[in-house]
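Chain by chain, the residues run as shown.
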There are 2 protein chains.
Amino acid sequence: MSAEASAATPKPAKAVKNAPKAKKEASSSTGAIQIGIEYKKDVDFAKWYQQVVTRSEMLEYYDVSGCYILRPWSYKVWQEIQTWFTNEIEELGVEGVYFPMFVPAKNLEKEKDHVEGFAAEVAWVTRAGSSDLEEPLAVRPTSETVMYPYYAKWVRSHRDLPLRLNQWCNVVRWEFKNPQPFLRTREFLWQEGHTAFATKEEADKEVYQILDLYRQVYEDLLAVPVIKGVKSEKEKFAGGLYTTTVEGYVPTTGRGIQAATSHGLGQNFAKMFGMTFEDPQGPLPNGEARPALHAWQNSWGLSTRSLGVMVMVHGDDKGLVLPPRVAAVQVIVIPCGINTKSSEEDRIAVDERIADILKQLKKAGIRARVDDRSTYSVGYKFNHWELRGVPLRLEVGPKDVKNNQALAARRDNGEKVTVKHETIAEDVKDLLDTVQRDMFNRAKETRDANLVYVEDWKDFVPALDDKKIVMIPWCEEPACEDEIKDKSARTGLATAELQDDKAPSMGAKSLCIPLEQPQDKPIVAGVTKCASCGKDAKRWTLFGRSY
Amino acid sequence: MSAEASAATPKPAKAVKNAPKAKKEASSSTGAIQIGIEYKKDVDFAKWYQQVVTRSEMLEYYDVSGCYILRPWSYKVWQEIQTWFTNEIEELGVEGVYFPMFVPAKNLEKEKDHVEGFAAEVAWVTRAGSSDLEEPLAVRPTSETVMYPYYAKWVRSHRDLPLRLNQWCNVVRWEFKNPQPFLRTREFLWQEGHTAFATKEEADKEVYQILDLYRQVYEDLLAVPVIKGVKSEKEKFAGGLYTTTVEGYVPTTGRGIQAATSHGLGQNFAKMFGMTFEDPQGPLPNGEARPALHAWQNSWGLSTRSLGVMVMVHGDDKGLVLPPRVAAVQVIVIPCGINTKSSEEDRIAVDERIADILKQLKKAGIRARVDDRSTYSVGYKFNHWELRGVPLRLEVGPKDVKNNQALAARRDNGEKVTVKHETIAEDVKDLLDTVQRDMFNRAKETRDANLVYVEDWKDFVPALDDKKIVMIPWCEEPACEDEIKDKSARTGLATAELQDDKAPSMGAKSLCIPLEQPQDKPIVAGVTKCASCGKDAKRWTLFGRSY
């Protein structure tokens, strides 16, 4: 449901690109080549990102450019998000559904602004078997125009409201810009919630409830800090009334990223699709029927883009760093201090101890695994699991068995602590909680340190060039936003940061108007001026170069 | 992964058909028109089915012919299946993934038999935005050709095996036969598991483990009895080695239905896609390398077709009958005996009692809801929830409050029992278990009563015409199967049973060679003859007209 209409000129589509090499690369199981990351996050960010997502086995490039394979290592993160979010929205009264993927052209084109926002990116099915279809079918880029004709049919009375449905599905947006794993892909997975209410008040309330759930997905599950806010007129969802958003920040590139959006659609779609209901007040005193009312609608979506944000924020030069709550494997147990000279007794003692640890951790609901492959060295295994971002490593050797302990190593900061065997499940659980909290706090400190307040235009572009996101007092006029983008695009910027995307001279967009305005810097009506155009400022607004 | 290649001549595709009527029908919330089912299951089965699935609000017809909307009432059943099955296969070591939906033509065409099985039904994306794609992309009809090039890349050593992945997704098979809700739809939802093993033994073991999970989905969740068996050569999956299946039976039409399939693919795809691994035995004694081995593969799938089978087997003239384990609402609580003359005291007492009941049921993990709409009569509500198939109705009136009881009415057989308030959660749980068990047992008795053993050809077609499925001693020759289909197609059959599908003179196919052969009727090699062609029979085989 993102309103990011591509401004790029469509180039002829290349269906097949990035095909897997015919020559077989050395595999992870046989050798050293893929064991590490060859690029530094701070130096070659784009290459670093590509290596981390592929070598950690989160993702594989696919035969069709812009489409990627989500492997178990990333899909598990998505599953954890799905489980948590589904449970939360069911508590709110939202029900699961599945609507077809194909949209007849006439439905897609019903809402003018909406179709303009998506038309350039729509994939069309024109043939089935050897027959041409009478009418081409769009593959859904989002489902407003799929669903709302039926909402209109189902809603008759105010008693049919609210109608609150959600689906988890794939959508296709055939972007012609450079694709990027997770962040910009031609097919992606998401959930889309579509709801209708009798009153604006109820609808508004839900928009912000969902927005806060999105905040929790990012902050509590993925340990990624986000800023809740409202989109500018220019950046809002095509055809909607207003868009709320959670905005993330990638420190290495200094760019903001739209993390998830919750839209108040108003009555616009309801009018287009004829979603009306009888006025619950009944007829007028004179007996005449009151005019039918239009429903107030919302739509809201969170996609697999979230996985990319998580990787970019937490990863380091050793590879992926996974937040414990969503990691497929939270603890990797590695037998240590066993070699060809070890006694059979020691071997057995370590094996038995590890079996017991795994049992205890599993019982406590912790996702743990042992790496007991005999063909690899301990050092190799350490690297292997560090690259994959497992939050906690437990080392168990003969001495540890004797001393009734294990050595725990944190992936996020490398810290090592000894844990007692008697309390191992509890201690590991505490450690995982600590890692989760520390990861979030560190990311938040970094984000906060890179968010600057600028009131004078001359400080704006230097701040962007210094990889900051920038809060300015702003007039909220679309023309001013265009001008800001234009003015901030002219500066030269080191290409390293941006070579993963677009031209190096990218201008800044408004990311959001934060819900929480700075208390200590009030905007004074008629006094505070827009940092760009000098007109009266309305609210502090967050600007930045962005994904 | 069904091997049902359409033999029908493709007609020009009609993209838009069955469009929702522009004129608004009376809605469920306002009136009587949609409250009941107008057709008898035994008389007008096809119309009955269509009304049940739409008026129960399981499904809505969609603008694109052959595509349907799964509403919350059916999607919840699918969710319950998903949750249960995902948990079971994770225990086996299968991991979740997501592969792209688009298949380049050259990949799709790699396995000759396989592509022949699907080519006539493939939907093609040929355009994106306003640009033609360089190469058309197929929308996956199944994912063998999407996945296996990457399996080949990932598998190098025997240590990379087994590789066991599963995805829940949508697939498209543009069938030109008459579409039917759930049973034959152009887009449907399913899970597809794709696994690779080092040895045939391991692969075979999994095929049957999964087959038994499918049996459990049908028998334990959907209360639908199925027969486990192996498909004939003619009916097996295109490109595979052998296909196992669970086969259901729809008594009203007397037709068999393929419920889910688990395929042993052998090494065929591994050879096509180059999925090889080093021989774990290492080099030969003379130092030469042993030739690389090919992996043994399986694929297995269960689709939303299962929901249709459930409806057809259990539904009755009042509408849907849902098995408790998968019902979105297991218990509907309805306040009774309250009218305009009721005292305020009585009203409050009933409301409070119902609130307490709901609390207790929820605590016990039972999905319960109250229908306290004041605008509808009690009788209307009874019909409303019976049509929707809620397994248990609880009636609570002022007298029930005084007597500390409630009246429970079973949807499956209409039986009413009084339950004590003190033990209500426990009693309701027991009742739901009983309903689930009884529904399965009844369906099994009916199925068993309609499965006949025939050894003489003259009894074969009369049995089919009597809506039986038929076990015969069979030679297992493809030519004989063709002949059986041909010979059994010539008879006239009342059109009522078959008007939902195909020509009225449908011939019988082999449904499966049951794993469990009748103990009391042994096939004697060289003595028992095929009931159709008279050659030596190999095993008892189940034949039937089928979906």
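Residues numbered from 1 in each chain as written. Chains lettered and ligands numbered in written order. Predicted model: local features only at pLDDT ≥ 70, side-chain atom pairs only at ≥ 80, totals over all residues. Heavy atoms only, no water.

- Under an unreviewed UniProt entry, the name given to chain A is proline--tRNA ligase, and the source organism is Lunasporangiospora selenospora.
- Under the heading Catalytic activity (unreviewed entry), UniProt records this for chain A: "tRNA(Pro) + L-proline + ATP = L-prolyl-tRNA(Pro) + AMP + diphosphate".
- If you open the UniProt record of chain A and go to Sequence similarities (unreviewed entry), you find "Belongs to the class-II aminoacyl-tRNA synthetase family." (UniProt positions renumbered as here; feature names shortened; annotations may be inferred.)

### Looking at unusual backbone geometry
At step 1: Note that the residue after Leu161(A), namely Pro162(A), is joined by a cis bond; omega there is -5°.
At step 2: Note that Pro162(A) resides in the loop between α5 (144–154) and β7 (163–172).
At step 3: With a phi angle near 70°, Phe182(A) is a residue other than glycine that sits in the positive phi range.
At step 4: The topology assignment puts Phe182(A) in the loop between β7 and β8 (187–197).
At step 5: On the basis of relative accessible area, Phe182(A) is assigned to the buried category, the value being 4%.
At step 6: Of note, the phi angle at Glu57(B) is positive, near 65°, even though the residue is not glycine.
At step 7: In this structure, Glu57(B) sits in the loop between α1 (45–55) and β1 (59–61). (Helix = DSSP H or I, 4+ residues; strand = E, 2+ residues; numbered from the N terminus. Buried < 20%, exposed > 50% of the residue type's maximum accessible area, 1.4 Å probe, protein only.)

### Quick word on the pairing of strand β5 (residues 123–128) of chain B
Sheet faces and side chains relate simply in a regular strand, where the side chains alternate between the two faces.
At step 1: Buried residues dominate β5(B), accounting for five of its six residues.
At step 2: Pairing analysis gives five bridges linking strand β5 (residues 123–128) of chain A to β5(B), with the strands arranged antiparallel. The residue bridging Ala123(A) from the neighbouring strand is Ala128(B), located in β5(B).
At step 3: Where β5(B) and strand β6 (residues 131–139) of chain B come together, four bridges link them in antiparallel fashion. Bridging from a neighbouring strand, Trp124(B) pairs with Ala138(B) of β6(B).
At step 4: Hairpin connection of β5(B) to β6(B): two residues between the antiparallel strands, including Gly129(B) at a positive phi of 60°. (Pairing = 2+ DSSP bridges.)

### Describing the domain arrangement of chain A
All names here are of chain A.
At step 1: For chain A, the assigned domains are domain 1 (45–314), domain 2 (324–434) and domain 3 (451–544).
At step 2: On a C-alpha basis, the centres of domain 1 and domain 2 stand 41 Å from each other.
At step 3: Buried surface at the junction of domain 1 and domain 2, summed over both partners, amounts to about 1,000 Å²; 64% is from carbon and sulfur atoms.
At step 4: One can count two salt bridges joining domain 1 with domain 2.
At step 5: Linking Arg-367 and Glu-80 is a salt bridge whose minimum nitrogen-to-oxygen distance equals 3.6 Å.
At step 6: On the surface where domain 1 and domain 2 come into contact, there are two residue pairs in polar contact (both at pLDDT 80 or more).
At step 7: Contributing elements (two or more residues each) for the side of domain 1 that touches domain 2: α2 (72–92) and α6 (200–221).
At step 8: Here the element with the most residues in the side of domain 1 that touches domain 2 is α2; it accounts for five residues.
At step 9: Here the side of domain 1 that touches domain 2 is built from residues that sort into six nonpolar, one polar and five charged. (Domains from an automatic or database assignment. Buried area = accessible area lost by both parts, 1.4 Å probe. Salt bridge = Lys/Arg side-chain N within 4 Å of Asp/Glu carboxyl O. Polar contact = N/O pair within 3.5 Å; in protein donor to acceptor, adjacent residues only side chain to side chain. Nonpolar A, V, L, I, M, F, W, Y, C, P; charged D, E, K, R; others polar.)

### Let's talk about the packing of aromatic side chains
At step 1: The full count for this structure, using the stated rule, is 46 aromatic pairs over all chains.
At step 2: The interplanar angle of 15° and the centroid separation of 4.5 Å between the aromatic rings of Tyr376(A) and Tyr380(A) together place this pair among those described as stacked. For the pair formed by Tyr376(A) and Tyr380(A), the shared burial category is buried.
At step 3: Among the aromatic residues, ring-to-ring pairing joins Tyr62(A), Phe99(B), Tyr148(B), Tyr150(B), Tyr151(B), Trp154(B), Phe269(B) and Phe273(B) into one connected group.
At step 4: Directly above the ring of Trp457(A) sits Lys487(A), whose terminal nitrogen or CZ lies 3.9 Å from the centroid. (Phe/Tyr/Trp six-rings, centres within 6.5 Å; stacked < 30°, edge-to-face > 60°. Lys NZ or Arg CZ within 6 Å of the ring centre and 35° of its normal.)

### A closer look at the sheet that holds strand β22 (residues 509–514) of chain A
Residues and elements named next belong to chain A.
At step 1: Strand order across the open sheet formed by 11 strands is β3-β7-β8-β14-β11-β10-β9-β22-β23-β21-β20, with mixed pairing between neighbours. Both edges of this open sheet fall to β3 (95–96) and β20 (451–453), since each of them pairs with a single strand only.
At step 2: Lying over the sheet, α5 contacts β7, β8, β11 (255–266) and β14 (296–303), oriented at roughly 25° with respect to β8. (Contact = heavy atoms within 4.5 Å. Axes fitted to C-alpha atoms, helices over the stretch in contact; angles between N-to-C directions.)

### Details of α2(A)
At step 1: With 21 residues, α2(A) extends 30 Å from end C-alpha to end C-alpha; this agrees with the ideal 30 Å at 1.5 Å per step.
At step 2: At the exit of α2(A) stands Gly93(A), carrying a positive phi of roughly 100°. (Expected span 1.5 Å × (residues − 1).)

### Topic: the sheet that holds strand β8 (residues 187–197) of chain B
All names here are of chain B.
At step 1: With mixed pairing, the 11 strands of this open sheet are ordered in space as β3-β7-β8-β14-β11-β10-β9-β22-β23-β21-β20. If you trace the sheet from one side to the other, it starts and ends with β3 (95–96) and β20 (451–453), each paired once.
At step 2: Of the pairings in the sheet, the one linking strand β9 (residues 227–230) to strand β10 (residues 242–250) comprises four bridges and is antiparallel in character. Across the sheet, the residue bridging to Val-230 is Thr-244, located in β10.
At step 3: Packed on one face of the sheet, helix α6 (residues 200–221) meets β7 (163–172), β8, β9, β10, β11 (255–266) and β14 (296–303) and runs near 10° to β14.
At step 4: Most of the contacts of helix α14 (residues 478–489) go to strand β21 (residues 469–474), to which it runs at about 145°, and overall it touches β21, β22 (509–514) and β23 (539–544).

### Observations concerning the interface of chain B and chain A
At step 1: On the side of chain A, 81 residues touch chain B, which itself brings 80 residues to the contact.
At step 2: Counting each side, the surface lost to burial between chain B and chain A is near 6,800 Å², with a carbon and sulfur contribution of 57%.
At step 3: On the chain B side of the contact with chain A, Tyr62(B), Tyr98(B) and Tyr150(B) bury the most area, a combined 10% of that side's loss.
At step 4: The interface formed by chain B and chain A includes six salt bridges.
At step 5: Its salt-bridge partner being Lys106(A), residue Asp63(B) comes within 3.9 Å of it at the nearest N-O pair.
At step 6: Taken together, the links from chain B to chain A amount to 26 residue pairs in polar contact (both at pLDDT 80 or more).
At step 7: Along the lines of polarity and charge, the residues of the side of chain B that touches chain A split into 41 nonpolar, 15 polar and 24 charged.

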